[in-house]
Amino acid sequence: MAKEYKFSSSELESQIAHLSEKGITEFSIHDDAIAKDKRRILKILNLVAQQAPEVFLTIRVKADVIDREVAAAATQLFCSFDIPLECTEKGGKLLFDKKFYANKARVLNDFGLVFGFHLTYGTVAGDTLKAFTDRLDFAVQQYPNHLDFPQTEKDSEACEPLVTGIFSAKDIRYCRDLAFSARTFYTSGRAVPWFLSVLKPLKIYPSKFFADFAEWQHCNNCDFKSGYLPEAENHKAIEKMQLLFLNMKYEEKDCRELEVAVNDIIRINGAMSRLVGESEEAVIETSYHPEDLLSPEACDLAEFAENVCMESCKVKIYLDENGPNYNVIS
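Described in the following lines is the structure provided in the data block.

## Quick word on the pairing of strand E2 (residues 56-60)
Note on strand geometry: in a regular strand, side chains alternate between the two faces of the sheet. Of all the 5 residues making up E2, 4 are buried; the element is thus mostly covered by neighbouring parts of the structure. Strand direction decides the pairing type here: strand E1 (residues 26-29) and E2, joined by 4 bridges, are parallel. Residue pairing for E2: Ile29 is matched across the bridge by Ile59. In the sheet, E2 pairs with strand E3 (residues 78-84) via 5 bridges, with the strands oriented parallel. Its bridge partner being in E3, Arg60 is matched across the sheet by Asp82. With helix H4 (residues 68-74) bridging E2 and its parallel neighbour E3, the resulting β-α-β unit is right-handed.

As structure tokens, this is what we get:
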């Protein structure tokens, strides 16, 4: 069973040197004072890199502090940034600066770093259902590794949504189910490598896709109200849900000719993720060669299905001295 240790902000830095001896392999820092302090974030990143390089660090940071210096420091260790997507009030209107956040995400992607967005709904006056779905659509387009919705966590201390003239109780329920759907399908489903390419042929926004999946979850008794906990689920089970739902959507949108490619891409990426996350080696059967499935060509499914020849393969997914690898065994 995992052990949990809590440190005050003042004793945090002195404890970093002792993480390994305590058997800590993952360490999370969610401190609002640290999140906006670039100097302290740099110090923590450097200390972890020097004193606990084998520990995976998750740290909440305000987008304002992200620059190339912070990104470069993060490349020295295994870490993930949790970034709140925040709105500002100006002239009685709620504004969300897409250009600002896109630039910050671009820096992190340029350095090949892991990051996720922290989204809330209805916590500030002036928020609307449309504004939340716009933020969600924008967030997915930045290729975050994960999307966090603290209001969907039953033990969360997140602010309760505000019921207002423009944000009704019905809107709150819709946003909650939408957020839980994204939490299940995208984050627990480890969908970042393929989600946007798989979504493109369906010609719908991410928020509409997640809304449809929320309905599917409700019908299959694995929605928010059912008490379903996606983080506790085996990833293979979520992958099965993803494939079932996507096959249904592709049939609905008359894109059945792409289903084989979609299934292969999801299954090989899923096997790779379990190899990294759970050290789980696997043998899978694919209808396309793995080199094609993991290539940039797979980002455009229509072009891929038209131009790439099918080739039935039995593929072994394994770890070697260079990291994750695969081999066609027949």
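The discussion continues.
## Regarding the pattern of salt bridges
What the rule picks out here adds up to 22 salt bridges. Close ionic contact of Arg60 with Asp32 constitutes a salt bridge, the shortest N to O distance being 3.8 Å. Of this pair, Arg60 sits in strand E2 while Asp32 sits in helix H2 (residues 32-35), and the two are 28 residues apart along the sequence. Among the ionic pairs, Glu278 bridges to Arg190, the shortest N-O distance being 2.7 Å. Highlighted residues: Glu278 in helix H11 (residues 259-278) and Arg190 in the loop between helix H7 (169-188) and helix H8 (195-199), separated in sequence by 88 residues. Taken together, the shared-partner salt bridges in this structure form one network comprising Lys208, Asp212, Lys249 and Glu252.

## Here's the deal with H7
Under the 1.5 Å per step criterion, the end-to-end length of H7 is 27 Å for 20 residues, consistent within 8% with the ideal 28 Å. Of all 20 residues in H7, 15 are buried, a share of seventy percent or more. Of the residues one or two after H7, Arg190 is the one with positive phi, at around 50°.

## Topic: the packing of helix H9 (residues 206-219) against helix H10 (residues 235-252)
Running from N to C, H9 and H10 point in directions that differ by 115°, and their axes come no closer than 11 Å. Judged on the interaxial angle alone, H10 and H9 are roughly perpendicular. Crossing geometry of H9 relative to H10 is assigned as right-handed. From H9, Phe209, Asp212, Phe213 and Trp216 reach across to H10, where they touch Met241, Leu244, Phe245, Leu246, Met248 and Lys249. Each residue belonging to the contact of H9 with H10 can be placed in one class, and the counts come to 8 nonpolar, no polar and 2 charged.

## Quick word on the sheet that holds E1
With parallel pairing, 5 strands are arranged side by side in an open sheet as E1-E2-E3-E6-E7. At either end of the open sheet lies a strand with only one pairing partner, and these are E1 and strand E7 (146-148). Strand after strand, the sheet turns through a mean of 20° between neighbouring axes, direction not considered. In this structure, strand E6 (residues 114-118) lies alongside E7, joined through 3 bridges in parallel fashion. Directly across from His118, in E7, lies its bridge partner Asp148. Lying over the sheet, helix H3 (residues 38-51) contacts E1, E2 and E3, oriented at roughly 175° with respect to E2.

## What to know about the sheet that holds strand E8 (residues 282-286)
Spatially, E8-E9-E10 is the arrangement adopted by the 3 strands of the open sheet, whose pairing is antiparallel. What marks the edges here is a single partner per strand, and that holds for E8 and strand E10 (323-328). Adjacent strand axes in the sheet meet at a mean angle of 30°, parallel and antiparallel pairs treated alike. Both E8 and strand E9 (residues 313-320) contribute to a ladder of 5 bridges, which runs antiparallel. In the strand pairing of E9, Ala282 is matched with Ile317. Contacts from H11 reach E8, E9 and E10, with the element oriented near 170° to E8.

Parameters and conventions
Residues numbered from 1 in each chain as written. Predicted model: local features only at pLDDT ≥ 70, side-chain atom pairs only at ≥ 80, totals over all residues. Heavy atoms only, no water. Buried < 20%, exposed > 50% of the residue type's maximum accessible area, 1.4 Å probe, protein only. Helix = DSSP H or I, 4+ residues; strand = E, 2+ residues; numbered from the N terminus. Pairing = 2+ DSSP bridges. Right-handed = clockwise from strand over helix to strand, strands pointing away. Salt bridge = Lys/Arg side-chain N within 4 Å of Asp/Glu carboxyl O. Expected span 1.5 Å × (residues − 1). Axes fitted to C-alpha atoms, helices over the stretch in contact; angles between N-to-C directions. Parallel < 35°, antiparallel > 145°, perpendicular 65-115°, else oblique. Left-handed = near helix turned anticlockwise from the far one by under 90°. Contact = heavy atoms within 4.5 Å. Nonpolar A, V, L, I, M, F, W, Y, C, P; charged D, E, K, R; others polar.

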